[in-house]
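Summary of the model geometry
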Amino acid sequence: MTYKVLIVDDSKLARMVAVGALSRVRPDWTPVEVGSAAQALEALEDKSIDVALVDFNMPETNGLALTAEIRNLRPSMPVALVSANIQDEIIARARAINAVFLPKPMTDEALSGFLSGATLQLRRQQQ
Amino acid sequence: MTEAAIKLDKLEIDALSELVNIGVGRAAASLRHMVGEEVLLSVPSAEIMQREQAWGLIEKDSGGGLVAIHQHFEGSFSGCALLVFPEMKSLELVRAVVRTDLPLEDIIDLEQEALAETGNIVLNACLATIANILKQNLKMSLPQVRRGNGAALLGDACGDVPGDLLLFLYISFTVNSQNIHGYIVMLMDLPSLATLKQLIGEYIAGLTCQRA
Amino acid sequence: MDLISRDLLLSAFNALDTGVVLLDAQARIIQWNAWMEAASGVAAAQACGRTLPELFPEVGQSRLPGVIADALELGAARILTHTLNPDLLPLQRDRGQPLLHNVTVQRAGLPEDPICILQVIDVTNTVERERVLRDRQNARYRAVVDTAADAIITTCPEGKIQWANLAAGKQFGFEPDELTGRDIGTLLDHGGAWPVACAGEEVGDLSIGPVEIMGRRQDGSTAILELSTACWSNDRRTFVTGILRDVAPRQRAEGALRAAAAVSAVSGPALLQALVRELAEGLGVKYAFIAEFSDPAGRQMRTLAQWCNGQVDEKCSFPLDDLSWEALKHGEVVSVPNRARRHYPEAALLQELQIESFAGTGITGSDGQPIGLIAVLDDEPMTDIGTVQKLIATFAARLAGELERQSAENALRQLNAELEERVAERTRALRDAADELSAEMRRREDMQATLLQSQKLEALGQLVGGVAHDFNNILAAILGSYQLIDNRVDHPTVRQVVAHGRKAAERAAELIRHLLAFARREELKPRAVLLAGIIPSLQGLFAHTLGSQVEVRFDVPADAWPVLVDQHRLEVALLNLAVNARDAMPGGGVLEVSVSNRVIGPSDKRFAKAGDYVAISVRDNGAGMAPETVARALEPFFTTKEVGKGTGLGLAMVHGFVEQSGGRLFIESRLGSGTCIQILLPRAAVVPCAQIMDGGLDGEHGDAVILVVDDDDQVRPVTATILRDLGYTVMEAVNAETALALGLTAPQLDMVLCDVVMPGADGPAFAEKLRAERPHVPFVFMTGHADRRLLVGATVIDKPFTSTQLAEVVLITLGRSRPGGEDGVGSALLSGSLAGIG
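Our focus in this paragraph is the overall build of chain B. When helices and strands are counted, chain B shows six helices and eight strands. When the helices and strands of chain B are listed from N to C terminus, the series reads α-β-β-α-β-β-α-α-β-β-α-β-β-α. The burial tally for chain B puts 52% of its 212 residues in the buried class. Put simply, 72% of the contacts in chain B that link residues at least 6 apart link residues at least 24 apart.

Here it is as structure tokens:
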């Protein structure tokens, strides 16, 4: 089973890192890159997105606010909030809206761990 | 070597600002330990510009007096990194970082040391992150605090770094519901900028290769 | 010499007046200097090989381990200040008080094999000094501001309250510290009267005079406040201070005034004149007047305005008659339409003006008391008496308001004058406080410069102390060798060469003694001495040394206090200063040495600690020094003399001696106007006793067994040979172990001459072991430069020594001669107590 992963980050480089990591840990999954929260919401209108990776630190709408909106639209979608700012408050807020916290720079192991959890969740939903 | 030769393209600038963003994110995490509450740091944009242009921008924005924490770094690329704030904001920054119930006189006394240490954390995190991700080794000096207008800081802190171009980043600092804007400035000579460009290029190329 | 020996480097490392710790790549301690040992109570041996958290568990909770890891891995240099990291390491000062410290962490060595350097800097004194200064400033400031009845608030240019006084808290219903950090706009509807800077714009430095604004208390109630603000700068930061005064009482007065003024468009004297004219013309009478009481008893009236025959007349006074009394007494208009003179024959006014009719009434204030009178008179009878009464009643009501307003206005004028005076007074006090503050900051900068200079000298001193030790050992061998050659050779040329050599070595020894004096390592023998007895006796020496071109003048009053000082060293110091003065006056001149008593009060503390001092001034009228020369004059080896003429140690040596004696040295000099060196020495509490002088030594040498212990293969044989030449039986040992074996087995042992610092067991340890078996054998320690605390109560001979000096010490120690006086050569070398040696 392959899935579509929405990668939201205003930095092209950060998206490249995420896409690179995804291509290594889940070569058959499909990345969808967007550079802002607005584009992310647009992309989500296409129902085929299964998983989202959201950068915390973005201009205009920040990652937490976007994740909250995604929760509204798709309550059970696996979402990861990505940030170098590893503080209890931010991790706690990510947890509060049922998102996983992934530290930057993103490592293959951390991403793989999140995607394994996401796969289980998506399978359960399909059954 | 000409200045055009080291002009960074859009992706390279994006890469650099992402690296600094990761760096300040880490700095925020260390500051959080110090302050005891959430600290948000972000670098919304990065540019390469002429020295005069940068100081002009900073002075226009801050209305005069500036305070800068600066550190030199040495390695495959060398130069001087500065964290710059409008002088009027420095007391607020110190108040945000140290205990808030201190009287004004105490805060003024603590100001120099608290600024040096806070700037030290931010600059170390940025430089170390860049060095680490680009797999380089940098040696960094201890921080120093300077005050003055843009031109004076330039002459004082980084007088020994030749070259006319610098990397200019806005930084936004939110602590204790105080929002303070400042700048990170990295001054390098042309060979260092060229090396940095090359290292970033290699790093980006590495990402692309792995994907293929 | 390109390479410094490891030992020398290590001794320098341990002499540093700052904590240094070196860590290997695994963050384990590999060096831990003496400063760290003293401050932490942990010996280097105990610290090495362990990590800091292993040594001090609390460090594990701090930022330090992470910072060390960053330095080793990333090359990040970090500063951890006591401000943000209090009590980082468990360090203490001598007397157990906490040691405030900053720590810097840096990487050194190659990136692939890094080490980490921690420097621990003691900032206790700096912090304490700043606290004292601040407290002093605050006390002054509080005296002015905290007792003020007006609210005083200081904000940053953005309007955030930085500071507020007690009255401000009371005015707005907060505790004073609750106001700090609030926006001024939440307290005041100032409408821009409080200068607040918008982004990118500076607050002007204008003072804004009193304006009225609305203040809001915490409970939501409001008050009208009068605000004066001033912008001021301190340390390049701008602040705004405002003084706020509740003006409710004055507001009420002004309200009353406005009500009174509303009665008529015109006011003041013009209104009164208008009233009398209108009244007289309106009623068609000849006379009209308004009068008030002009004496407190209420017997005399004075007109405020009067109308007479169609024009305003001059004011006049008249006694209160029965008609006027009648008019005042009733609350209504009293009228006499005709034949008034007949009804009131006593009223002089009626008679005088031939009055026929009269109407008038009293004017009463708001308190119901009469304040004056309004009346009309005519020489014809009045017909329409009803209109007359009505108009007079109306005018009387108007007048009551006007007269009250006038008195309120006077009161207000006075109140305003007082208010302005008080505001001006407060502004003056604030400005004085600000001036005081900047003066204090300048003083603080001066003090820091002084501190820096003394730290620099201290560091040099420590270095010098270390090197001098090694030189003394070498010189001991050289001097001894010359002595032996001299004893064995009769050839006059050779002996002359030897004499030259020995003289040079003695000069070197003297130079090292000066160096040690500068480094404050040479032990002084201070006694209470009277300068009046010492300084004049230097006259001959000075005259001889300085030559006939320099005129020497002494001014030493007999009542100069005694000082606690090493007399010999003081004399050398004064001679040094005199020689410097002579060199500054190549063409001759006047040298003045004067002594005076000096009391340093608490306010002069920047000169010296408070107390009684004796000041010795050495003044010349020579070339003087430039400021940059003065600044460096106390550094050792700094000299302005030609190469070969001076060692550059003179003034530094004097400075070291003075500081060691608890005094201070000041240089006052200007190019072209001479130099004055002033020495302050603390007054001695005791009165000096007469000096005990003694003759030479006359004991017999030989017939004793002496054990010489010294690990230095150059010094030991020389010492032994000198003793053998004197006729003694000598045993030699290169270390304490051999010495102990010899000392315990020898059938006879009369004395031990022992080095202090040796590999293995040191001299004092060996002495302790030997004395356990042979308690009565006297010990003499030889030392180049050792910590004399180890040697309290012991006899010590300083290396290098001459054979004469050694011979004397041996005689004294063997009990064959008594120690000499202060000036005796032998006793000058014997710095320990000889008591108990027998």
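That was the structure; now back to the text.
Glancing now at the interface of chain B and chain A. Think of interface size as the accessible area that goes away when the parts come together; that is how it is often given. Tallying the contact residues gives 20 residues for chain B and 20 residues for chain A. Every element with two or more residues in the side of chain B that touches chain A is listed here: helix 1 (10-35) and helix 6 (190-211) of chain B. Looking at the side of chain B that touches chain A, the element that brings in the most residues is helix 1 of chain B, giving twelve residues.

On to the interface of chain C and chain B. Each partner contributes residues to the interface: chain C has 27 residues there, and chain B has 33 residues. Those elements that provide at least two residues to the side of chain C that touches chain B are helix 5 (64-74), strand 3 (78-80), strand 4 (101-110), helix 6 (124-145) and strand 7 (161-164) of chain C. Classifying every residue of the side of chain C that touches chain B gives ten nonpolar, nine polar and eight charged.

On to the environment of Thr804 of chain C. Looking at the secondary structure, you find Thr804 of chain C in helix 24 (residues 803-813). Distance from Thr804 of chain C to Gln483 of chain C, taken between C-alpha atoms, is 9.5 Å for residues 321 residues apart in sequence.

In this section: the sheet that holds strand 5 (residues 100-103) of chain A. Residues and elements named next belong to chain A. Ordered in space as 2-1-3-4-5, the five strands form an open sheet in which the pairing is parallel. Lying at the two open borders of the sheet, with one neighbouring strand each, are strand 2 (30-34) and strand 5. Going across the sheet, the axis of each strand differs from the next one's by a mean of 25°, ignoring polarity.

Moving on, we get to unusual backbone geometry. Put simply, Lys104 of chain A and Pro105 of chain A share a cis peptide bond, and its omega is -5°. Within the secondary structure layout, Pro105 of chain A lies in the loop between strand 5 and helix 5 (108-126). Of note, Ala27 of chain C is a non-glycine position whose phi angle comes to about 65°, a positive value. Examined against the element boundaries, Ala27 of chain C turns out to sit in the loop between strand 1 (19-23) and strand 2 (29-32).

Our next topic: the confidence of the model for chain B. Averaged over all residues, the pLDDT of chain B is 79; the fraction at 70 or higher stands at 85%. The secondary-structure element of chain B with the lowest mean pLDDT is helix 5 (residues 150-158) of chain B, recorded at 67, while strand 3 (residues 66-74) of chain B shows the highest, at 88.

Right, let's get into the packing of helix 1 (residues 12-25) of chain A against helix 1 of chain B. Viewed as axis vectors pointing N to C, helix 1 of chain A and helix 1 of chain B meet at an angle of 80°, and their least axial separation amounts to 7 Å. Between helix 1 of chain A and helix 1 of chain B, the angle falls in the class roughly perpendicular. Where helix 1 of chain A approaches helix 1 of chain B, its residues Lys12, Leu13 and Ala14 of chain A are matched on the opposing element by Leu11, Asp14, Ala15 and Glu18 of chain B. Residue composition of the contact of helix 1 of chain A with helix 1 of chain B, grouped by class: four nonpolar, no polar and three charged.

For the rest of this paragraph, the subject is the pairing of strand 1 (residues 4-8) of chain A. Residue and element names in this part refer to chain A. Buried residues dominate strand 1, accounting for four of its five residues. Alignment of strand 1 against strand 2, held across five bridges, turns out to be parallel. Bridge pairing links Val5 to Pro31 in strand 2. Following the chain from strand 1 across helix 1 to the adjacent parallel strand 2, one finds a crossover that is right-handed.

Here we take up the pairing of strand 3 of chain B. Residue and element names in this part refer to chain B. Across the nine residues of strand 3, eight count as buried, placing the element largely inside the fold. Relative to strand 4 (residues 79-86), strand 3 runs antiparallel, the two sharing eight bridges. Paired with Phe73 across the two strands is Gly79, which belongs to strand 4. As judged from the two bridges shared by strand 3 and strand 5 (residues 139-140), these two strands associate in the antiparallel manner. Considered in strand 5, the bridge of Glu74 is made with Lys139.

The rules behind each value
- Residues numbered from 1 in each chain as written.
- Chains lettered and ligands numbered in written order.
- Predicted model: local features only at pLDDT ≥ 70, side-chain atom pairs only at ≥ 80, totals over all residues.
- Helix = DSSP H or I, 4+ residues; strand = E, 2+ residues; numbered from the N terminus.
- Buried ≥ 20, exposed ≤ 12 C-beta atoms within 10 Å, placed from the backbone.
- Contact = placed C-beta atoms within 7 Å.
- Nonpolar A, V, L, I, M, F, W, Y, C, P; charged D, E, K, R; others polar.
- Pairing = 2+ DSSP bridges.
- Axes fitted to C-alpha atoms, helices over the stretch in contact; angles between N-to-C directions.
- pLDDT = per-residue confidence, 0-100.
- Parallel < 35°, antiparallel > 145°, perpendicular 65-115°, else oblique.
- Right-handed = clockwise from strand over helix to strand, strands pointing away.

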